[in-house]
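# Fold and contact review
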Amino acid sequence: MTRYKKQDPEITRRKFINVAMGTGAGVGVLSLVSALGSAKPAFRLTAEKAPPLEGDVLVHADASKYGQPIKPSELSDIAIVAYPMGKTKDGTPVIRAGEPNNQIGVYKFDPAQLKAPTKIEDTDNGIVAYSNTCTHAGCFPKSVQGSAIVNCPCHSGQYEPKEGCRVLGGPPPKPMPQLGVKVQGDQLVLTSSFLTSPYGYKSDEEWEAYLKQAEELLA
Ligand code: FES
């Protein structure tokens, strides 16, 4: 008897992307988009599906405040979940929520609490931002009230956001990557995308190549 095991559609999708990106050193975003586009047009790279980019403003992902810029005064050691908001080529603001793995956790700690491997130069007075997609299987971790440790609900992964989001326990293979962030006026602006490879990429090199080509495609 054939046994059918239902797969998480996001994981399946990621596998597809990995296969598409791993077919050779010459594979670029255009060919990736083409490959994905032929399978499912919704995967086409658009401003909404682009990765977080330098200059993007962090806005609330939560439905109660969706799309509102996050103010520095709202931050604490409990993550606020954000999406990056950029612009289309014609200058129209766009929230990059078309890619679920663009969720970002934003925190504010006492600057003295931030320790290596946090990249301090990419923080602003204790404000630090990380991917909010678990590096194990792509679930969305949560901060727990009363604990600054971030917990993944799927397989009990734990991360320490004061120390580069390093893995404290469970199956995640690597930290959730940091992004550069700074305060600009009353908003939070990215100074970089993910500094190392986020969930779904096999290596930092693969991620950097994808990011570079996405930036060129959307410039
Ligand atoms: S998806 Fe987070 S621990 Fe498995």
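Preceding block: the structure.
In this report, the structure presented in the accompanying data block is examined. Bear in mind the structure is a predicted one, so any value in this text is a computation, not a measurement.

It is worth spelling out the pattern of salt bridges at this point. Here the structure, examined in full by the defined rule, presents 6 salt bridges. The shortest N-O distance in the salt bridge between Lys162 and Glu160 comes to 3.1 Å.

This part covers the sheet that holds strand E7 (residues 147-151). The 4 strands are arranged E6-E7-E8-E9 in an open sheet whose pairing can be described as antiparallel. If you trace the sheet from one side to the other, it starts and ends with strand E6 (142-144) and strand E9 (166-169), each paired once. Each strand of the sheet is rotated relative to its neighbour by a mean of 40°, with strand direction disregarded. Of the pairings in the sheet, the one linking E7 to strand E8 (residues 158-160) comprises 2 bridges and is antiparallel in character. In the sheet register, Val150 faces E8, and the bridge partner there is Tyr159.

The next thing to look at is the nonpolar core. Leu58, Ile70, Leu75, Ile104, Val106 and Leu188 are the most contacted members of the largest nonpolar core, which totals 22 residues. Put simply, the parts of the chain that give this core at least two residues each are strand E2 (80-87), strand E4 (104-108), strand E5 (127-131), strand E10 (178-184), strand E11 (187-194) and helix H3 (204-218). Looking at this core, the element that brings in the most residues is H3, giving 4 residues. Beyond its immediate chain neighbours, meaning those up to four positions away, Leu58 contacts Gln68, Pro69, Ile70, Ala82, Tyr83, Pro84, Ile104, Val106, Val181, Leu188 and Leu190. Among the nonpolar cores identified, the runner-up in size contains 14 residues, and Tyr130, Cys134, Tyr159 and Cys165 belong to it.

Two elements, E6 and E7, share 3 bridges in a ladder whose sense is antiparallel. Paired with Val144 across the two strands is Ser147, which belongs to E7. Taken together, E7 and the strand that follows it, E8, pair antiparallel across an intervening segment of 6 residues, in which Ser156 is found at a positive phi of about 65°.

Attention shifts here to the state of the cysteines. Counted according to the given criterion, the structure contains 1 disulfide. Residue pairing for Cys139: its cysteine sulfur links by disulfide to Cys154, the two sulfurs lying 1.9 Å apart. Because the torsion about its S-S bond is -90°, the bridge between Cys139 and Cys154 counts as left-handed. Highlighted residues: Cys139 in the loop between E5 and E6 and Cys154 in the loop between E7 and E8, separated in sequence by 15 residues. Residue class for Cys154 comes out partly exposed when judged on its relative accessible area of 37%.

Moving on: the environment of Lys162. For Lys162, the position within the fold is in the loop between E8 and E9. Excluding residues that lie within four positions of it along the chain, Lys162 makes contacts with Phe109, Gln113, Leu114, Lys115, Thr118 and Ala148.

Enumeration according to the criterion identifies 7 aromatic pairs in this entry. Measuring from ring centre to ring centre gives 6.1 Å for Tyr107 and Tyr130, while their planes differ by 70°; the resulting arrangement is edge-to-face. Here the residue Tyr107 occupies a position in strand E4, and Tyr130 occupies one in strand E5, the gap between them amounting to 23 residues. As far as burial versus exposure is concerned, Tyr107 and Tyr130 are alike and both buried. Summarising the aromatic geometry, the rings of Phe194 and Trp207 are spaced 5.7 Å apart at their centres and angled 55° between planes, so their arrangement reads as tilted. In this pair, Phe194 sits in strand E11 while Trp207 sits in helix H3, placing the two residues 13 residues apart along the sequence. Trp207 sits in the buried class, given a relative accessible area of 1%. Taken together through their ring pairs, the aromatic side chains of Phe194, Tyr201, Trp207 and Tyr210 make up a single cluster.

Parameters at a glance
Residues numbered from 1 in each chain as written. Predicted model: local features only at pLDDT ≥ 70, side-chain atom pairs only at ≥ 80, totals over all residues. Heavy atoms only, no water. Salt bridge = Lys/Arg side-chain N within 4 Å of Asp/Glu carboxyl O. Pairing = 2+ DSSP bridges. Helix = DSSP H or I, 4+ residues; strand = E, 2+ residues; numbered from the N terminus. Axes fitted to C-alpha atoms, helices over the stretch in contact; angles between N-to-C directions. Core = buried A, V, L, I, M, F, W, Y, C linked by side-chain atoms within 4.5 Å. Buried < 20%, exposed > 50% of the residue type's maximum accessible area, 1.4 Å probe, protein only. Contact = heavy atoms within 4.5 Å. Disulfide = S-S within 2.5 Å. Phe/Tyr/Trp six-rings, centres within 6.5 Å; stacked < 30°, edge-to-face > 60°.

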